[in-house]
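# Fold and contact review
Each chain, written out:
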Amino acid sequence: MFPYALRSIVLLLCVASAQALTLDEALVAAQNYAPDLIVSRSGAAAAQSLTLSAGALPDPKLSFAIDNLPLEGEDQYRIGKSMRSIGLMQEFPNAGKRAAERQIATAAWQASSAQYRFAQLNVQRATTLAWLSLYYTQEKAQILDAQVIENQNSLNLSRAAIAGGGTVDSALAAQLETQQLADARDDLKSEVQQARALLARWIGPDHVADSVSGPLPVWQAQPSPEDQSDQFSKQPDLHAASSQISAARAELALMEAGKRPDWGLELALQRSDMGQNQAMVKVSFDLPFFTASRQDPKIAAATANLQRAEAEKTARSAGYRQQYAELNAQGDALTSQLQRLKQQTLPLIQKQTELALAGLQSGKANSNAVLEARKTKRVAQLRALDLTSRLAAIQAQIFFLTGGH
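Reading the values: rules and limits
- Residues numbered from 1 in each chain as written.
- Predicted model: local features only at pLDDT ≥ 70, side-chain atom pairs only at ≥ 80, totals over all residues.
- Heavy atoms only, no water.
- UniProt positions renumbered as here; feature names shortened; annotations may be inferred.
- Helix = DSSP H or I, 4+ residues; strand = E, 2+ residues; numbered from the N terminus.
- Buried < 20%, exposed > 50% of the residue type's maximum accessible area, 1.4 Å probe, protein only.
- Contact = heavy atoms within 4.5 Å.
- Areas by Shrake-Rupley, 256 points an atom, 1.4 Å probe, with all protein chains shown as cover.
- Pairing = 2+ DSSP bridges.
- Axes fitted to C-alpha atoms, helices over the stretch in contact; angles between N-to-C directions.
- pLDDT = per-residue confidence, 0-100.
- Salt bridge = Lys/Arg side-chain N within 4 Å of Asp/Glu carboxyl O.
- Core = buried A, V, L, I, M, F, W, Y, C linked by side-chain atoms within 4.5 Å.
- Patch = residues over 30% accessible without salt bridge, like charges linked within 9 Å, V, L, I, M, F, W, Y side chains within 5 Å.

In the annotation of an unreviewed UniProt entry, the protein is listed under the name TolC family protein and assigned to Iodobacter violaceini. The Sequence similarities (unreviewed entry) field of the UniProt record for the protein holds the comment "Belongs to the outer membrane factor (OMF) (TC 1.B.17) family."

## Considerations on the overall build of the protein
Tallying secondary structure elements over the protein gives nine helices and six strands in all. Counting only residues that meet the buried cut, the protein has 37% of its 405 residues in that class. Of all intrachain contacts in the protein linking residues separated by at least 6 positions in sequence, the fraction that spans at least 24 positions is 80%. Approximately 23,200 Å² of the protein is accessible, and the part contributed by carbon and sulfur atoms is 55%.

## Re the sheet that holds strand S5 (residues 263–271)
Strand order in the open sheet formed by four strands is S2-S3-S5-S6, and the pairing between neighbours is antiparallel. Here the strands that pair on one side only, and so sit at the sheet edges, are strand S2 (61–67) and strand S6 (277–285). Averaged over all adjacent pairs, the angle separating strand axes in this sheet is 20°, with direction ignored. Taken together, the seven bridges between S2 and strand S3 (residues 83–92) define a ladder with antiparallel strand orientation. Among the inter-strand pairings, Phe64 is bridged to a residue of S3, identified as Ile86.

## Quick word on the confidence of the model for the protein
On average, the protein scores 84 in pLDDT, and the residues at 70 or more come to 87%. Low pLDDT, under 50, characterises residues 1–18; the stretch is placed with 34 contacts to residues that sit more than four places away or in other chains.

## Remarks on the environment of Leu306
Within the fold, Leu306 resides in helix H8 (residues 295–362). In sequence terms Leu306 and Ala250 are 56 residues apart; their C-alpha atoms lie 9.4 Å from each other. Here Leu306 is in contact with Ile245, Ala248, Arg249 and Leu252, once residues within four sequence places are set aside.

## Looking at the pattern of salt bridges
Taken as a whole and judged by the stated rule, the model has 11 salt bridges. Close ionic contact of Lys97 with Asp262 constitutes a salt bridge, the shortest N to O distance being 2.8 Å. Of the two residues, Lys97 is situated in helix H4 (residues 95–163) and Asp262 in the loop between helix H7 (236–257) and S5; the sequence distance between them amounts to 165 residues. Judged by relative accessible area, Lys97 falls into the buried class, the value being 19%. Lys140 is paired through a salt bridge with Glu191; the nearest N and O atoms lie 3.4 Å apart. Taken together, the residues span a long stretch of sequence, with Lys140 in helix H4 and Glu191 in helix H5 (residues 169–203) at a distance of 51 residues.

## Overview of the side chain of Gln270
In this fold, Gln270 is placed in strand S5. In this structure Gln270 touches Met83, Arg84, Ser85, Gln276, Asn277, Gln278 and Met280, once residues within four positions along its chain are discounted.

## Digging into the nonpolar core
By size, the foremost hydrophobic cluster in this structure holds 35 residues, and its most contacted members are Leu21, Trp131, Leu132, Leu199, Ile203 and Val212. For this core, the secondary-structure elements that each account for two or more residues are helix H2 (23–33), H4, H5 and helix H9 (367–402). If one sorts the elements of this core by residue count, H4 sits on top with 12 residues. Apart from the residues lying within four places of it in its own chain, the contact partners of Trp131 are Leu21, Thr22, Leu23, Ala26, Leu199, Val212, Ser213, Gly214, Pro215, Leu216 and Pro217. Ranked by size, the runner-up nonpolar core spans 16 residues in total, among them Phe232, Ile349, Leu387 and Ile394.

## Regarding a nonpolar patch on the surface
Nonpolar side chains collect at one region of the surface, where Trp263, Leu267, Val281, Val283, Phe285, Leu287, Phe289 and Phe290 lie side by side and expose about 890 Å² of accessible area between them. For the nonpolar patch, the elements supplying multiple residues, two or more each, are S5 and S6. The element best represented in the nonpolar patch is S6, accounting for three residues.

## Regarding the pairing of S5
Covered by surrounding structure in S5 are Gly264, Glu266, Ala268 and Gln270 only, the residues Trp263, Leu265, Leu267, Leu269 and Arg271 on the alternate face being uncovered. Two strands pair when backbone bridges link them, and S3 and S5 are joined in this way by nine bridges, in the antiparallel orientation. Each residue of the ladder has a partner; that of Leu88, found in S5, is Leu267. Strand direction decides the pairing type here: S5 and S6, joined by nine bridges, are antiparallel. Bridge pairing links Gly264 to Ser284 in S6. The loop that links S5 with its antiparallel partner S6 comprises five residues; one of these, Gly275, has a positive phi angle of about 85°.

Right under this line is the structure:
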């Protein structure tokens, strides 16, 4: 099952054929295949396991001792003439250290979990962009296929004209267009192979079909300027940065707790050479006297790491704002160009093509004008599709930047 956010991406309005891959299917395959997710998932699981032992007391130590063992005389090496003891020792780090260790482990787990969600978001975005690239490349193939049919009709007409005593100009022009279309189809074949390889990078080679199909994604409305900061704050990458700040603060607390002494307790049972049982209680304390050369440098380093973590989060947030502004600027330009091409340029080219055909039929123009107009039309149609593809990619990036989480 998809997360709820992913369900808003795809309108499930049609069923794909057996050979075609829908965006829905591609996203499911990516969640199950992408190696990036396996790495992040394992890291999060490891960090979660460490939270179970964080802040725990050190393992107790069991000790055995022999005191006053004779090394000379008639009782040499006789254990019965020595003091024997068995003891149990437990160290107790101060409460500040143990609390800081728990905070560090929790923050590391939260950061790893956020990084896993960030990896999921990246995989979803990359898979969507790869699917869209293959989708629009296939659309280009349909335009070229239509041009090939028109070219074949021109070749047939020119051959018939030559058979009727006409000139060879039209046939030569049609043959030249055939070569140009062959070059264009070779370039397109390379684009299809590259797009399919990019999609296989995220969903695996076994899931890449010969083609993609299904509905195009429907993107959510973009946030208003006053809501942008809230949208960015929900990014998993920024959540990870916040967790790293928490870990840095806990690390600083751990270093500061080093100025407070730890202590230890040891209990032992002893048996003297006279057979007398005795008990021993021992308490030890750390003496953090030389803090200027021991604890203080560690505290300074932890403080610098905290400042670095805070600066990194600020830089990431600024990067998101910059990326959002750049994508919107690019999207506005593409939208303007696409509208002008569809509303003004393509109608003019269509009219030019119709006039060339009319001139050919009336004998006032040759087929070269028709072929040139058709070429202009093909170039404009491919450009319109290219603009549409680039605009769809930008809309996808904006969606994942502001709402895809």
